[in-house]
Amino acid sequence: MSELAERRAELAANLALVRTRIELACGQAGRDPHEVSLIVVTKYFPASDVRLLLDLGVHHYGENRDQEAGPKCAELRADAPAAPAVSSAPELTMHFIGQLQTNKAGSVARYADVVHTVDRPRLVSALDRGAQAAGRRLRALVQVDLEPERDPNRGGARPEDALTIAEAVDTAAHLELGGVMAVAPLGADPDEAFAALGRVARGIQVRFPSASWVSAGMSGDLEAAVRHGATHLRVGTAILGSRPHLR
Ligand SMILES: *Cc1c(COP(=O)(O)O)cnc(C)c1O
């Protein structure tokens with residue numbers, strides 16, 4: 001078998017395992033698996049892996065660094081031009097899931113379809129300006145910091161500030177409020193963390209019923225996320241293997 005064929009087989013097997021985990025978790029939670037989208041996090045992995053995954057039926061990709069995601073996305077879209085708008089079911093939907101500096105917002109707005117890490121008003125305005133300049137509309141999720149002890153270097157708005165950020169996103173002309181996102185704090189009980197995220201999500205939905213996305217759950221805790229209403233799972237390692245810098 002060629003190296004590429006071997007990699008394809010490995011990705012296909014891992015993908016099947018993850019899809020089975022999602023189906024089982026949905027079954028146990030009494031949820032329809034169609035309510036849960038899988039975003040494959042391809043950070044640190046080459047565009048060749050993304051091509052294999054596209055061929056295996058994956059359409060949602062997560063990246064966390066602008067300097068990597070921009071060129072990778074350009075390369076992939078040169079293969080098969082994707083529709084730029086979020087709403088039109090493009091072949092390749094790019095989810096930006098990393099901490100985003102305000103000065104990178106203009107760059108990310110050119111290629112990302114969804115930004116999961118909107119956590120402060122200045123970033124809302126920077127993304128809105130970037131989207132306008134690029135002639136695009138972006139979907140934005142409010143990232144919520146679920147750590148009880150807040151560290152300003154870690155991303156995420158405090159739960160009590162999430163609605164204010166959501167309002168800012170809603171009033172931005174070139175952004176569409178999608179919902180919320182969080183990472184379970186290291187060492188914390190993911191069930192508790194995702195239950196807390198669910199409360200924030202419902203608080204926002206009272207005001208903005210269409211903000212229905214809950215981006216939560218990674219390789220290690222996707223079952224807990226499904227139990228607490230996640231609509232979008234961000235899974236890297238369980239599909240691609242350990243990231244090159246961690247090997
Ligand atoms: C890398 C990353 C993931 C994927 O994590 P895995 O444990 O590899 O599945 C999910 N969410 C965010 C925000 C990430 O940075």
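What counts and how
Residues numbered from 1 in each chain as written. Predicted model: local features only at pLDDT ≥ 70, side-chain atom pairs only at ≥ 80, totals over all residues. Heavy atoms only, no water. pLDDT = per-residue confidence, 0-100. Contact = heavy atoms within 4.5 Å. Near = heavy atom within 4 Å. Polar contact = N/O pair within 3.5 Å; in protein donor to acceptor, adjacent residues only side chain to side chain. Areas by Shrake-Rupley, 256 points an atom, 1.4 Å probe, with all protein chains shown as cover. Nonpolar A, V, L, I, M, F, W, Y, C, P; charged D, E, K, R; others polar. Helix = DSSP H or I, 4+ residues; strand = E, 2+ residues; numbered from the N terminus. Buried < 20%, exposed > 50% of the residue type's maximum accessible area, 1.4 Å probe, protein only. Lys, Arg positive; Asp, Glu negative; His and termini not counted. Salt bridge = Lys/Arg side-chain N within 4 Å of Asp/Glu carboxyl O. Pairing = 2+ DSSP bridges. Right-handed = clockwise from strand over helix to strand, strands pointing away. Phe/Tyr/Trp six-rings, centres within 6.5 Å; stacked < 30°, edge-to-face > 60°. Lys NZ or Arg CZ within 6 Å of the ring centre and 35° of its normal.

A.B. asks: How do you make sense of the confidence of the model for the protein chain when you look at a structure like this?
C.D. replies: Low pLDDT means the predicted atomic positions in that stretch should not be read closely. Mean pLDDT for the protein chain: 93, with 94% of residues reaching 70 or above. Within the model, pLDDT remains below 50 along residues 83-90, and this stretch shows ten contacts once partners closer than five positions in the same chain are excluded.

A.B. asks: It is not clear to me how the site of the ligand should be interpreted in this structure. Could you clarify?
C.D. replies: In the vicinity of the ligand, the residues found are Val-41, Lys-43, Ile-97, Met-181, Val-183, Met-218, Ser-219, Arg-234, Val-235, Gly-236, Thr-237 and Arg-243. A distance of 2.6 Å separates an oxygen atom of the ligand from a polar side-chain atom of Lys-43. The side chain of Ser-219 places a nitrogen or oxygen atom 2.5 Å from an oxygen atom of the ligand. Protein contacts shield 87% of the accessible area of the ligand, which totals 390 Å² for the unbound molecule. Of the residues contributing to the shell around the ligand, the split by class is six nonpolar, three polar and three charged.

A.B. asks: Whenever I open this one, the side chain of Asp-66 confuses me. Can you help?
C.D. replies: When you line up the elements, Asp-66 lands in helix α3 (residues 66-79). The side chain of Asp-66 sits in the buried core without any salt bridge; Lys-104 is the nearest counter-charge, 5.0 Å away. In this structure the side chain of Asp-66 is engaged in a polar contact, spanning 2.7 Å, whose partner is the side chain of Tyr-111.

A.B. asks: In this structure, what is going on with the pairing of strand β1 (residues 37-41)? I would like to understand it.
C.D. replies: On a regular strand, each side chain points to the face opposite its neighbour's, so the side chains alternate between the two faces of the sheet. Among the five residues that make up β1, four are buried, leaving the element largely enclosed by the rest of the structure. As paired elements, β1 and strand β8 (residues 232-235) share four bridges and run parallel to each other. Looking at the pairing, Ile-39 lines up with Arg-234 of β8. Relative to strand β2 (residues 60-63), β1 runs parallel, the two sharing two bridges. In the sheet register, Val-41 faces β2, and the bridge partner there is Gly-62. On the question of chirality, the crossover connecting β1 to the parallel β2 by way of helix α2 (residues 47-55) is right-handed.

A.B. asks: Any chance you could explain the packing of aromatic side chains here in plain terms?
C.D. replies: In this description, an aromatic ring pair is defined by two values, namely the gap between the centres and the angle between the planes. On inspection of all chains with the given rule, the structure shows zero aromatic pairs. Above the ring of Tyr-44, the side-chain terminus of Arg-65 is found at 4.3 Å from the ring centroid.

A.B. asks: When you look at the pairing of strand β3 (residues 93-96) in this model, what are you seeing that I'm missing?
C.D. replies: Of the two faces of β3, the one carrying Thr-93 and His-95 and the one carrying Met-94 and Phe-96 are both buried. For β2 and β3, the ladder comprises four bridges, and the chain directions are parallel. Bridge pairing links His-60 to Thr-93 in β3. Alignment of β3 against strand β4 (residues 114-118), held across two bridges, turns out to be parallel. Looking across to β4, one finds that His-95 is bridged to Val-114. As for the winding sense of the linkage, the β-α-β connection from β3 through helix α4 (residues 105-111) to β4 is right-handed.

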